[in-house]
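Here is how the chains run, residue by residue.
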Amino acid sequence: MLPHRCVAALLLSASLSCAAQSTPAPEHFRLVLPNAPGAIVIETSGGWVIDHATLTNKGKRPVVQLHHEKLGFEVSYILDHDPPYYETDEACLRDTLRGLEKGKLSTWSMSARKTATHPLDNGGSIPVISYRIDAIEGKPVDQQNVFGFRAEDHTCATIHISRANFTVADQPVLDALLSNFRFEPKYVATEEDRQQMAKLLPPAMARLYDKGLSEAADAGPVPARQDSRQSLTFSLASHPGYLHLDAPNFVISELSAKPNGKEFGIRAEDKTLSHAGFLGFLFLPEPAQPNAEACREWMLRHEGKGGMKSKVLSRSTIKSDSGVEIAMVDLRDDKAGAFAYQRRGFIAQGQLCADLVLFAANETMLQSDQSLFTSATFHPDQKPDFFAKMRYAKVLSDHHADVAAAPVYEDAIKDADQTPEPLKWRRVAADQASMAYGMAGDLKHSRAINEAAIAKDPDYPLYYYNLACADAEAGDAKAAQSHLKQAFNRRANVIPGETLPDPRTDDSILKLKGNQEFWQFVQSLPKS
């Protein structure tokens, strides 16, 4: 199945209208990750009821939301494991809030924004940010929101507390919730923990905890999956340039992309050798560098000003088998631990520069093999194709940069006609663009993507399903029902291997569960 993620509201439950599932749970349990250490201890005694549990971001971000009827509070707990991000509590705060405040929150009326630290009962403190939502789309809300963050080993643990009509009398409850926040970064989930998480989640998501799968049901299809054991290829989202390295023994461990579209990075490991690691970037330096040697010296000066004190062992210039000039430098960094030695190669032409780094345990190992560098082929004038754009956008989405990813996905739509399967990839690109705009809080643009796609391709059901989700986010039950009906009437036209999402468990559709007529219609829809 090609999993599908509907246009969604804010992950951290900043909305007042949340679907209440009232899921039974023990008096306390741990929110755990499917494939990484770390846990948040959640207490449900004393009147707390679980409203909702979900799993997003390729199975790396479990979320549980609770409410207390008598106290009037809602609390969400979120875990997110995302190397190399979330190095500190403050980075966790900054990275999480940046995405929210560039999205839907940017269109809401807010006041009283404050940052502080709050002591924890088990020692230490957490950075806290608070604000009051005064109005949403012109409708008065008056909701107090507080976020607290902890981070360790690239796992971000978040507590989000909200209460409508907050007064000074509510402050002790809020303080107690923050003080009791318990993050266990080294905790390894037991089978009991995994079974509990599976019980809370919809079946498609629960499978991650049952089987430890690597992708959640809401993760989008991955076009142009690079063969990570055969090659390393670099390209940007809109600027020309294509760099290829043969790397038969390397396995990609991480991809990165700058939201401004000016840098793409790959980290990889040589599984046949304990000493070899690779990190490379293709980027647009400012100012542009005229050749490889200029790029090398500019980068070394730049790093020196930033406090890096690596010792230069040697400089040289080589050419790859295809004739690409590469300015080399061997370095030693005594503070780098086991990988103290680096061999770096720089490639530059036009506005582009590439920085390719091979890490090793000693100088002898650096000399053992230069094939990674000599295999380089570089085409500075090659424009990014459909798959290059989709890969860049997906990396942005994986790192929660949906505001930046959405226009890249949208730009790729027009290039789908150049692929071997134009209809399939045009549908995939439009669907991903729609979802990214929705995750960024731009439901108007998300809707426009689907409407334009329907005008050219009226048979694909997910366009209508996405519109139904947007309708539900806007509280329009009549339009949501109409679009769901259109989607399910066309369910036979999904991409092979794909199924329609189940609206009964969809975060957006669930927001209309209180509309009896609409929900009866949803219940009557066939299950995929």
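On a predicted model such as this, the values are computed, not experimentally measured, just so you know.

*Asks:* Please explain the state of the cysteines as it appears in this structure.
*Replies:* Covalent bonding between the sulfur atoms of two cysteines defines a disulfide. Here the structure, examined in full by the defined rule, presents 1 disulfide. Here Cys-295 connects covalently by a disulfide to Cys-353, the sulfurs 1.5 Å from one another. Here Cys-295 and Cys-353 share a disulfide; its torsion about the S-S bond, -50°, makes the bridge left-handed. Residue Cys-295 is found in helix α5 (residues 292-305), and its partner Cys-353 is found in strand β19 (residues 352-360); the two are separated by 58 residues along the sequence. Owing to a relative accessible area of 0%, Cys-295 belongs among the buried residues under this scheme.

*Asks:* Could you clarify how one ought to interpret the sheet that holds strand β17 (residues 325-332) in this entry?
*Replies:* Sheet strands pair via backbone hydrogen bonds, and the direction of the pair is either parallel or antiparallel. Strand order in the open sheet formed by 7 strands is β13-β14-β15-β19-β18-β17-β16, and the pairing between neighbours is antiparallel. The sheet terminates laterally at β13 (250-257) and β16 (311-319), the two strands that pair on one side only. Looking at each pair of strands side by side, their axes are set apart by 15° on average, direction ignored. Note that strand β18 (residues 341-349) and β19 share 9 bridges and pair antiparallel. Its bridge partner being in β19, Tyr-341 is matched across the sheet by Ala-360. Together, β15 (277-283), β16, β17, β18 and β19 form the strand contacts of α5, whose direction differs from that of β18 by roughly 125°. Helix α8 (residues 386-398) rests against β13 and β14 (263-270) of the sheet, and its axis sits at about 75° to β13.

*Asks:* Hey, could you run me through the packing of helix α10 (residues 422-439) against helix α11 (residues 443-456) in this one?
*Replies:* Two measures define how a pair of helices packs: the angle their axes make with one another and the distance between the axes. Orientation of α10 relative to α11, taken along the N-to-C sense of each, is 165°, at an axis distance of 7 Å. Taken as axis vectors, α10 and α11 run roughly antiparallel relative to one another. Crossing of α10 against α11: the hand is left-handed. Contacts from Ala-430, Ala-433, Ser-434, Tyr-437 and Gly-438 in α10 reach Leu-443, His-445, Ser-446, Ile-449, Asn-450 and Ala-453 in α11.

*Asks:* Any chance you could explain the sheet that holds strand β20 (residues 377-379) here in plain terms?
*Replies:* Judged by pairing direction, the sheet is antiparallel, and its 3 strands sit side by side in the order β11-β12-β20 without closing on themselves. In the strand order of this sheet, the two ends are held by β11 (231-235) and β20, each with one partner. Across the sheet, the mean angle from the axis of one strand to that of its neighbour is 10°, orientation sign disregarded. Examined bridge by bridge, strand β12 (residues 242-246) and β20 share 3 bridges and lie antiparallel to one another. By the bridge assignment for β20, Leu-243 is matched with Phe-378.

*Asks:* Please explain the side chain of Ser-162 as it appears in this structure.
*Replies:* Within the secondary structure, Ser-162 is located in strand β9 (residues 155-164). Judged by its relative accessible area of 3%, Ser-162 is buried. In this view, Ser-162 contacts Gly-72, Phe-73, Glu-74, Gln-143, Gln-144 and Asn-145; residues no more than four positions away in its chain are not counted.

*Asks:* For this particular structure, what's the right way to read the pairing of strand β1 (residues 28-32)?
*Replies:* Along any regular strand, the residues point their side chains to alternate faces of the sheet. In this structure, β1 lies alongside strand β2 (residues 39-43), joined through 5 bridges in antiparallel fashion. Paired with Leu-31 across the two strands is Ile-40, which belongs to β2. Counting the residues that bridge the hairpin from β1 to β2 gives 6 residues, and of these Gly-38 lies at a positive phi of roughly 120°.

Thresholds applied
Residues numbered from 1 in each chain as written. Predicted model: local features only at pLDDT ≥ 70, side-chain atom pairs only at ≥ 80, totals over all residues. Heavy atoms only, no water. Disulfide = S-S within 2.5 Å. Helix = DSSP H or I, 4+ residues; strand = E, 2+ residues; numbered from the N terminus. Buried < 20%, exposed > 50% of the residue type's maximum accessible area, 1.4 Å probe, protein only. Pairing = 2+ DSSP bridges. Axes fitted to C-alpha atoms, helices over the stretch in contact; angles between N-to-C directions. Contact = heavy atoms within 4.5 Å. Parallel < 35°, antiparallel > 145°, perpendicular 65-115°, else oblique. Left-handed = near helix turned anticlockwise from the far one by under 90°.

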